[in-house]
Each structure stands twice: as structure tokens, then as C-alpha cells.
Amino acid sequence: MKKSICITTAILCAIAIIFFSIGQIRAANQKKADEKEGVPLSALNNAPAADIIETHILGETIDMSGRAIAKGAMPDGVTYRFDNPRIISEEDIMSRHEGWIPYYDSAMKKYDDPLYLQIDLTITNMSSQDIRPAWFTLEAGPWSTVVNKNTICLENQVGEKSDITIASGQERTLVASYRLWEPTFLDDQWEHVIDLPYQLAYLDYPEKHVIPLSDALK
């Protein structure tokens with residue numbers, strides 16, 4: 001009898017350890033994702049500061065030729081144009097995409113639902129090769145975030161891997177989507193999250209290209 005109790009106890013302990021480990025792994029993975037998407041710029045102390053700030057306006061054609069990308073440089077003949085910035089709710093996205101379910105876990109329940117800042121990006125590729133987008137970051141004072149891959153895939157209908165290609169000679173308008181999520185902001189920032197001084201930014205050291213958005217969002 002005692003042996004049976006010991007075996008049962010050992011099995012229950014093993015199961016508990018397995019579930020705990022799974023929870024820790026999921027939490028670690030989510031933390032890594034959150035650190036990449038929505039962090040204060042103060043946490044990026046090793047990032048080089050731009051020596052030259054070049055400011056653009058919405059609707060302006062921006063020459064991306066030669067700009068630094070993940071592998072090398074953008075080929076000659078590529079231009080960007082940003083239009084129609086807007087801040088929308090998850091409910092707005094769900095109403096337009098039936099069946100879409102945003103990612104949730106227990107840790108997210110204690111926060112407000114995220115908002116999304118979206119903007120239309122028209123890429124014209126007159127180079128001799130196919131390209132993939134080099135996304136701008138979104139900034140607001142000391143806060144910064146990268147594009148949200150989940151809604152990038154959803155809004156541009158490209159599948160889970162976000163494989164977007166602009167062919168040589170093609171012009172294509174995409175939706176760039178950025179998640180505004182409560183725990184990545186300071187409390188006083190989140191209280192006024194719609195009114196923060198947002199701008200798009202692209203660091204091509206020593207230059208930084210920025211596009212102010214605040215006036216267009218009012």
C-alpha cells in the first residue's frame with residue numbers, strides 16, 4: 001500500500017514538474033517576443049546614436065536606394081511612401097477579419113486590450129531584383145517598437161512567415177502594423193497612448209530618417 005502511494009506521489013510530482021517547465025518556457029518565449037516588440041529606447045543603450053536626422057512628411061517619396069538592410073543594402077531604384085496613419089482597436093481588426101483570434105495567455109488578462117497603429121506603405125521597386133520590405137520602427141519619445149508580425153501577416157494576407165516580396169518593376173501598397181501594448185509603456189504614457197508624439201524611424205547610421213505622425217492622428 002505504501003509503495004503504491006509512493007509511486008502515485010512520484011507520478012504526480014513528475015507531472016507537476018513537466019507542467020511547470022512548460023509554463024516557464026512559454027513565459028520565457030513570450031518575454032523574448034515582448035522585448036523585441038515594444039521596449040523603452042533607454043534599454044537599447046548600445047544602439048548607435050544618429051549624427052544626422054532627416055525629417056520627411058507623410059505622402060513624400062523617400063528614396064531607399066543604398067539604405068542599410070539586414071543583408072547588405074537596398075538596391076537602387078526603391079522608393080517608399082507612407083499615407084493614412086490610424087490607431088485602431090483589436091475589435092476593429094476582428095470585425096474586418098472573421099475568425100482571427102489574437103494571441104492571449106493568462107499574463108495578458110491583467111492588461112488592457114492592445115491598440116494598433118497602422119499605416120499604408122507604398123513600395124515602388126524599379127530595381128533589377130526582387131526585394132523584401134525593410135520596415136521602419138515606431139517611436140514615441142523614449143519608447144520604440146517594431147512591426148507586429150501577427151497583424152502584418154493578417155492585413156497583407158501573406159501567411160504566418162510574413163514572406164512579402166515586391167518584384168522588380170512592381171509597385172505594391174502594404175499595411176505596416178504596430179502593436180501598442182500596455183506593459184511596454186510607462187503608466188503615464190499608457191493613460192495618453194493615443195496622444196503620444198509618434199513618428200516612424202529608420203536608422204541608416206549615421207543618418208536617421210523620421211516621419212512625424214502626431215498631427216495626422218489627431
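Look above for the structure.
Described in the following lines is the structure provided in the data block. Nothing here was measured: the structure is a model prediction, and the numbers come from that model.

On to the nonpolar core, then. Judged by nonpolar contacts, the single largest core of 37 residues is most densely connected at Tyr 80, Leu 180 and Tyr 198. Looking at this core, the elements with two or more residues in it are β4 (78-89), β5 (115-125), β6 (137-140), α3 (149-156), β8 (171-180) and β9 (198-204). Here this core gets five residues from one element, more than from any other, and that element is β5. Sequence-distant contacts of Tyr 80, defined by excluding residues within four places in its chain, comprise Glu 60, Thr 61, Ile 62, Met 64, Met 74, Leu 121, Thr 122, Ile 123, Pro 133, Ala 134 and Phe 136. Among the nonpolar cores identified, the runner-up in size contains five residues, and Ile 93, Trp 100, Tyr 116 and Leu 154 belong to it.

Cis geometry is found at the peptide bond from Tyr 205 to Pro 206, where omega equals 5 degrees. On the secondary structure map, Pro 206 appears in the loop between β9 and β10 (207-212). Phi at Asn 84 takes a positive value of approximately 55 degrees, unusual for a residue other than glycine. With respect to the helices, strands and loops of the structure, Asn 84 is situated in strand β4. Under the relative-accessibility criterion, Asn 84 is labelled partly exposed at 45%.

Moving on to α3. A large share of α3 lies buried, amounting to six of its eight residues. On its buried face, α3 sits against α2 (90-96), β5 and β8. One or two positions beyond α3, positive phi appears at Gln 157, with a value near 50 degrees.

Procedures and definitions
Residues numbered from 1 in each chain as written. Predicted model: local features only at pLDDT ≥ 70, side-chain atom pairs only at ≥ 80, totals over all residues. Heavy atoms only, no water. Core = buried A, V, L, I, M, F, W, Y, C linked by side-chain atoms within 4.5 Å. Buried < 20%, exposed > 50% of the residue type's maximum accessible area, 1.4 Å probe, protein only. Helix = DSSP H or I, 4+ residues; strand = E, 2+ residues; numbered from the N terminus. Contact = heavy atoms within 4.5 Å.

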